[in-house]
Amino acid sequence: LELSSRGLGFVRPSRIVYNTLINAWSRSQEANAAENAEQVFQWMESQHKAGDEPIRPDEVSLCGVLNAWANSALNGGALRAQQIMDHTVSLALEERGFEHTIVSWNILIKAWGRSRAIDSVQRAEKILIHLEQQYREGKSKIRPDI
């Protein structure tokens, strides 16, 4: 990231490279893996906001960082995944650049399912009920598959 932001090097990394990096962090057992995945995701967002369209995060980027937090052994991982999802939902589609799919929602439900928070089951169920209602009412094309 550092070399690319300084314009050093011969080949400019693509979104695929950054998504691969996020995915690697999501599978890592290191204590700070989720934070590192999120750092890459946030860097991609900042680069896109600065006008670098090819680096714009996509659904793969989002799923990777959500999965990193879902797999994190740290307390609060599910809450952080929820905050990231809420952030992307709050963005207009043009700004976000991608449609959410059931995959990202399933990862969020998984994060709550693994959480030790007192209300984790209720939070997971609330997401599922919301998705079912939005689909049934025709407000969303995302059909729950859990």
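Please read these numbers as outputs of a predicted model, since none were measured by experiment.

Draft legend 1. Broad picture of the overall build of the protein. When its secondary structure is counted, the protein shows eight helices and zero strands. Secondary structure of the protein in N-to-C order comes out as α-α-α-α-α-α-α-α. Relative to the compact-globule value of 15 Å for 146 residues, the protein shows a C-alpha radius of gyration of 16 Å, a close match. Expressed along its principal axes, the backbone C-alpha trace of the protein runs to roughly 50 × 35 × 20 Å. For the protein, contacts bridging at least 24 residues in sequence account for 62% of all contacts bridging at least 6. Taken as a whole, the protein presents about 8,900 Å² of accessible surface, with 54% of it coming from carbon and sulfur. Across the protein, the 17 positively charged side chains and the 18 negatively charged ones have centroids separated by 2 Å.

Draft legend 2. Fine view of helix 5 (residues 77-90). If you check helix 5, its first and last C-alpha atoms are 20 Å apart, about what 14 residues at 1.5 Å a residue would give, namely 20 Å. Inspection of helix 5 places Gly77, Ala78, Ala81, Gln82, Ile84, Met85 and Thr88 among the buried residues, and these make up the whole buried set. Here the buried residues of helix 5 occupy an arc of 165° about the axis, which is enough to place them on one side. Buried residues in helix 5 make contact with helix 3 (33-49), helix 4 (59-71), helix 6 (93-96), helix 7 (102-114) and helix 8 (120-136).

Draft legend 3. Focus on helix 7. Taking 1.5 Å as the rise per residue, helix 7 with 13 residues should run 18 Å; its terminal C-alpha atoms sit 18 Å apart, in good agreement. Every buried residue of helix 7 is accounted for by Ile102, Ser104, Trp105, Ile107, Leu108, Ile109, Ala111 and Trp112. Residues of helix 7 that are buried make contact with helix 4, helix 5 and helix 8.

Draft legend 4. Quick look at the pattern of salt bridges. Going through the model one piece at a time under the given rule, you end up with five salt bridges. A salt bridge links Asp58 to Arg15; its shortest N-O distance comes to 3.7 Å. Highlighted residues: Asp58 in the loop between helix 3 and helix 4 and Arg15 in helix 2 (residues 15-27), separated in sequence by 43 residues. For Arg15, a relative accessible area of 26% translates into the label partly exposed. Across the salt bridge formed by Arg56 and Glu53, the nearest N and O atoms sit 3.4 Å from each other. You can call Arg56 buried: its relative accessible area is 13%.

Draft legend 5. Molecular detail of the packing of aromatic side chains. One pass over the full model with this rule turns up one aromatic pair. Sitting above the plane of the Phe98 ring, Arg96 keeps its charged end 5.8 Å from the centroid.

Definitions and limits used
Once a new chain begins, its residue numbering starts again from 1 and follows that chain's sequence as written. Under the rules for a predicted model, residues below a pLDDT of 70 receive no local features and side-chain atom pairs below 80 are neither given nor counted, while totals for whole chains, interfaces and linings still include all residues. Here the side-chain values reflect all heavy atoms present in the structure, with hydrogen atoms and water set aside. What counts as a helix is a DSSP run of H or I of at least four residues, what counts as a strand is a run of E of at least two, and both are numbered from the N terminus. The size measure is the radius of gyration over C-alpha atoms, and the globule rule it meets is 2.2 Å times the number of residues to the 0.38 power. Contacts are residue-level and defined by heavy atoms, with any inter-residue pair within 4.5 Å sufficient. To be clear on the numbers: accessible area is Shrake-Rupley with a 1.4 Å probe, and residue cover counts the displayed protein chains and nothing else. Charged residues are defined narrowly, with Lys and Arg counted positive, Asp and Glu counted negative, and His plus the chain ends left uncounted. For the purpose of locating charges, the reference atoms are NZ of Lys, CZ of Arg, CG of Asp and CD of Glu. A helix's residues, less one, multiplied by 1.5 Å, set its expected span. Exposure is judged per residue with a 1.4 Å probe applied to protein chains only, and the accessible area is read against the type maximum: over 50% gives exposed, under 20% gives buried, and values in between give partly exposed. As used here, the arc belongs to the directions running from the helix axis to the C-beta atoms. When a carboxyl oxygen of Asp or Glu lies within 4 Å of a side-chain nitrogen of Lys or Arg, that pair is called a salt bridge. Between 30 and 60 degrees the pair is tilted, below 30 it is stacked and above 60 it is edge-to-face, where a pair is any two Phe, Tyr or Trp rings, Trp via its six-membered ring, whose centres lie within 6.5 Å. Either the NZ atom of lysine or the CZ atom of arginine qualifies as a charge over a ring when it sits within 6 Å of the ring centre and within 35 degrees of the ring normal.

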